[in-house]
Amino acid sequence: MKHTFSVAAALAATFSVTALAAAPKCGGGTQCPSDSPCCSQYGQCGVGAYCLGGCDPQNSFDLASCVAAPVCKSADFKMDSLDGIIPNTQYLGDASKGNWVSSGTPAVYNDQAVLLTMAPSTVGTLLSSTHYVWYGKISATITTSQGAGVVTAFIMMSDVKDEIDFEFVGTDLTTAQSNYYFQGITDYTNTKNLTVSDTRQNSHTYTIDWKPDSITWLIDGNEMRTQLKSETWNATTGSYHFPQSPSRIQMSLWPAGLQSNGEGTIEWAGGLVNWDSQYMTNGYYYASVTDVTVECYNPPSGFNKDFGDAAYYYQTTFGTNDTIAIGNNNTILSSFYATGDNPSYCPTGCSSASASGTAKTSATASTPTAVPTAETIPGVSGGGNAGNSGSTQAGDTSGNAESNPSAGNAGQSNGGSTAGGSTSFSQGIQNAGTTGGTSDATSVKAGSAIAVVGFLVAAMMM
Ligand SMILES: *[C@@H]1O[C@H](CO)[C@@H](O)[C@H](O)[C@H]1NC(C)=O
Ligand SMILES: *[C@@H]1O[C@H](CO)[C@@H](O)[C@H](O)[C@H]1NC(C)=O
Ligand SMILES: *[C@@H]1O[C@H](CO)[C@@H](O)[C@H](O)[C@H]1NC(C)=O
Ligand SMILES: *[C@@H]1O[C@H](CO)[C@@H](O)[C@H](O)[C@H]1NC(C)=O
């Protein structure tokens, strides 16, 4: 049996495990209501972080509900500390404050790598770039995790669910699955297996070279597969089923093998996750990222919606290449209760948390009103916070973020319990977070000797 698989769909299923029943659902033409206007990548409506990266313009209340997307930034991101990684409980859209937004618990490993960790009763760790890419060459140097049901991924994902993937199933360490989707439409012919040497032991550089007319997947600089746009014409829909909208870079480690996921997903992932596995260290599964490079390409030839240089936005809900514009739009929210429709809304008072200079000033900002009950951070409700009421947790979290908006604290906070709803997570990683800012290069920040050995073997084989 051929199985179709999209990270977007499976992530949505995985995260919906932790979702509040109260959050309105959206997707497939069901749009969000005005009081929680933003449709998250997981298909639920909310405000705040729901309106930032991943916010689905096709199923949100209107085209202005999702905040415009910061434009591509060419850079070599060294992933050797938690600097520049901001928990999704703190990020309000200012891409100048950090290059990555995290959910879950990233950890620094010996000043050499960022670990994506996945402990029991969490849904793993996801890093998403704060800047989008609208065509470019993106490379990530990573090692994967291992084990049934455990999936490591390096992907490009747009807000309308165009997707370009490298996926690694933890039961097959010599295969990188390459994949692409147009607007989340699954098609099994889009998947191709690429052969690679042990993805856990060996650090490889995986590259997605995404051009307006082609996608090339490379491993360690070797071209493994090319997909031409011209070959993706769909006569039924009269459109190219080719990724063509601004996308975020995402690196993740997550449990596709959860009982609550579909049978097909579990089967694809090699079975259910064993939460007491020899492949766990310090109580968690992990994948490592050492480097990400981004070379942004110019907007496609023929592009004529160049109204600025700060952010991408959609002019219609079609989500196709010809409906995308670049403007000088504000990308920042004043609080976790604000939305793209009302970016300066701040019912609890924003004090020093000044957002962008271009956001409309709000005369009511200093007048506390009833705190809205809408969800504010996708994927945070439930999970490790399951003991709390989800909306209270979300409100508390955003309150902290507002009164303490400094992205400089991201490293410390990641070691604590605010990083992504993983309050049950403690082994080793808390040290990793709290010592991350020191210069003690010899300290073993992820904890045990086993981790060191594993990592050194991987490093030596590069
Ligand atoms: C971006 O700015 C343009 C021009 O001012 C505006 O028409 C559009 O609605 C804005 N979109 C978003 C998502 O902010
Ligand atoms: C790719 O490899 C996996 C095993 O890792 C296998 O289950 C799957 O069928 C293969 N897909 C294709 C398209 O060959
Ligand atoms: C064309 O698109 C439709 C609708 O998304 C889909 O069902 C169909 O399988 C596609 N056809 C081909 C040949 O890919
Ligand atoms: C959008 O895609 C079409 C079909 O490939 C192409 O002819 C057109 O130039 C593209 N426009 C932009 C702005 O990329």
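Residues numbered from 1 in each chain as written. Chains lettered and ligands numbered in written order. Predicted model: local features only at pLDDT ≥ 70, side-chain atom pairs only at ≥ 80, totals over all residues.

An unreviewed UniProt entry annotates the protein chain as Crh-like protein of Cryoendolithus antarcticus. The record held by UniProt for the protein chain lists under Sequence similarities (unreviewed entry) the comment "Belongs to the glycosyl hydrolase 16 family. CRH1 subfamily." Taken directly from UniProt, the Function (unreviewed entry) text for the protein chain runs: "Dual chitinase/transglycosylase that plays a role in cell wall architecture. Chitinase and transglycosylase activities are coupled. Required for the polysaccharide cross-linking at the septa and the cell wall. More specifically, transfers chitin to 1,6-beta-glucan in the cell wall." (UniProt positions renumbered as here; feature names shortened; annotations may be inferred.)

Enquirer: Could you clarify how one ought to interpret the overall build of the protein chain in this entry?
Expert: A count of helices and strands for the protein chain gives six helices and 23 strands. Put simply, the protein chain has 462 residues, and 54% of those count as buried. The contacts in the protein chain between residues at least 6 apart in sequence include a share of 64% that link residues at least 24 apart. (Helix = DSSP H or I, 4+ residues; strand = E, 2+ residues; numbered from the N terminus. Buried ≥ 20, exposed ≤ 12 C-beta atoms within 10 Å, placed from the backbone. Contact = placed C-beta atoms within 7 Å.)

Enquirer: What's the story with the sheet that holds strand β23 (residues 324–327) in this structure? I'm lost.
Expert: The strand order across the open sheet built from three strands is β3-β22-β23, with neighbouring strands paired in antiparallel fashion. Across the chains shown, the open sheet's two edge strands, defined by having one partner strand only, are β3 (69–70) and β23. Examined bridge by bridge, strand β22 (residues 311–314) and β23 share four bridges and lie antiparallel to one another. Its bridge partner being in β23, tyrosine 314 is matched across the sheet by isoleucine 324. (Pairing = 2+ DSSP bridges.)

Enquirer: Just to check I follow, could you spell out the sheet that holds strand β13 (residues 175–181) for this structure?
Expert: Strand pairing in a sheet is mediated by backbone hydrogen bonds. Such pairs are either parallel or antiparallel. In space, the eight strands of this open sheet follow the order β5-β6-β9-β20-β11-β12-β13-β14, with mixed pairing throughout. With partners counted over all chains shown, the strands left at the sheet margins are β5 (85–87) and β14 (192–195), one partner each. Geometrically, the sheet is characterised by an average inter-axis angle of 20 degrees between neighbouring strands, direction not taken into account. Sheet analysis places β13 next to β14, joined by four bridges and oriented antiparallel. Within β14, the position partnered with threonine 175 by the bridge is threonine 195. (Axes fitted to C-alpha atoms, helices over the stretch in contact; angles between N-to-C directions.)

Enquirer: Any chance you could explain the site of ligand 3 here in plain terms?
Expert: Inspection of the region around ligand 3 gives Ile185, Asp187, Asn234, Thr236 and Thr237 as its neighbouring residues. Its residues assigned to classes, the shell around ligand 3 comprises one nonpolar, three polar and one charged. (Near = placed C-beta within 6 Å. Nonpolar A, V, L, I, M, F, W, Y, C, P; charged D, E, K, R; others polar.)

Enquirer: In this structure, what is going on with the site of ligand 2? I would like to understand it.
Expert: Every residue lining ligand 2 is accounted for by Val169, Asp172, Thr175, Gln177, Thr191 and Asn193. A breakdown of the residues in the shell around ligand 2 according to their chemical character gives one nonpolar, four polar and one charged.

Enquirer: What should I look at first to understand the UniProt feature "active site" (unreviewed entry) in the protein chain in this one?
Expert: Within this structure's numbering, the places UniProt gives as "active site" (unreviewed entry) are Glu163 and Glu167. In this fold, glutamate 163 is placed in strand β12 (residues 163–169). Here glutamate 167 is to be found in strand β12.

Enquirer: What is the right way to look at the nonpolar core in this model?
Expert: Nonpolar side chains in soluble globular proteins tend to end up buried together. Formed by 102 residues in total, the largest nonpolar core has its most connected members in Cys38, Cys51, Val133, Met156, Val289 and Tyr312. The biggest single contributor to this core is strand β11 (residues 150–158), with seven residues. (Core = buried A, V, L, I, M, F, W, Y, C linked by C-beta atoms within 7 Å.)

Enquirer: Quick question: what am I supposed to make of the confidence of the model for the protein chain here?
Expert: A low pLDDT score tells you not to read the predicted coordinates there in detail. Per-chain confidence: the protein chain averages 80 in pLDDT, with 73% of residues scoring 70 or above. Within the model, pLDDT remains below 50 along residues 352–369, and this stretch shows 33 contacts once partners closer than five positions in the same chain are excluded. (pLDDT = per-residue confidence, 0-100.)

Enquirer: For this particular structure, what's the right way to read the environment of proline 57?
Expert: Within the secondary structure, proline 57 sits in the loop between β2 (45–46) and β3. Among the residues examined, proline 57 registers 27 C-beta atoms within 10 Å and is labelled buried. Linking proline 57 and cysteine 38, residues 19 residues apart in sequence, is a C-alpha distance of 8.0 Å. Excluding residues that lie within four positions of it along the chain, proline 57 makes contacts with Leu63, Cys66, Asp159, Val160, Tyr314, Thr317 and Gly319.

Enquirer: Sorry if this is basic, but what is going on with the pairing of strand β15 (residues 204–211) here?
Expert: Residues in a regular strand project their side chains so that they alternate between the two faces of the sheet. Note that strand β10 (residues 136–143) and β15 share seven bridges and pair antiparallel. Within the sheet, the bridge partner assigned to serine 139 lies in β15 and is threonine 207. Sheet analysis places β15 next to strand β16 (residues 214–219), joined by six bridges and oriented antiparallel. Residue pairing for β16: tryptophan 210 is matched across the bridge by isoleucine 215. The antiparallel hairpin formed by β15 and β16 contains two residues in its connecting segment.

Enquirer: Help me understand the pairing of β11, please; the structure alone is not making it clear to me.
Expert: Buried residues dominate β11, accounting for nine of its nine residues. Every second residue of β11 is oriented toward a common face, with Val150, Thr152, Phe154, Met156 and Ser158 on one face and Val151, Ala153, Ile155 and Met157 on the other, all of them buried. As paired strands, β11 and strand β20 (residues 247–255) are joined by nine bridges and run antiparallel to one another. Considered in β20, the bridge of alanine 153 is made with serine 252.

Enquirer: For this particular structure, what's the right way to read the environment of glutamine 112?
Expert: Locating glutamine 112 in the fold gives a position in the loop between β7 (106–109) and β8 (113–118). Ignoring sequence-local partners within four residues, the contact set of glutamine 112 consists of Asp80 and Thr290.

Enquirer: It is not clear to me how unusual backbone geometry should be interpreted in this structure. Could you clarify?
Expert: In most cases, non-glycine residues show a negative phi, while peptide bonds are predominantly trans. Positive phi, normally seen in glycine, also occurs at glutamine 183, with a value near 45 degrees. Counting through the fold element by element, glutamine 183 comes out in the loop between β13 and β14. The class of glutamine 183 is buried, set by 20 C-beta atoms lying within 10 Å.

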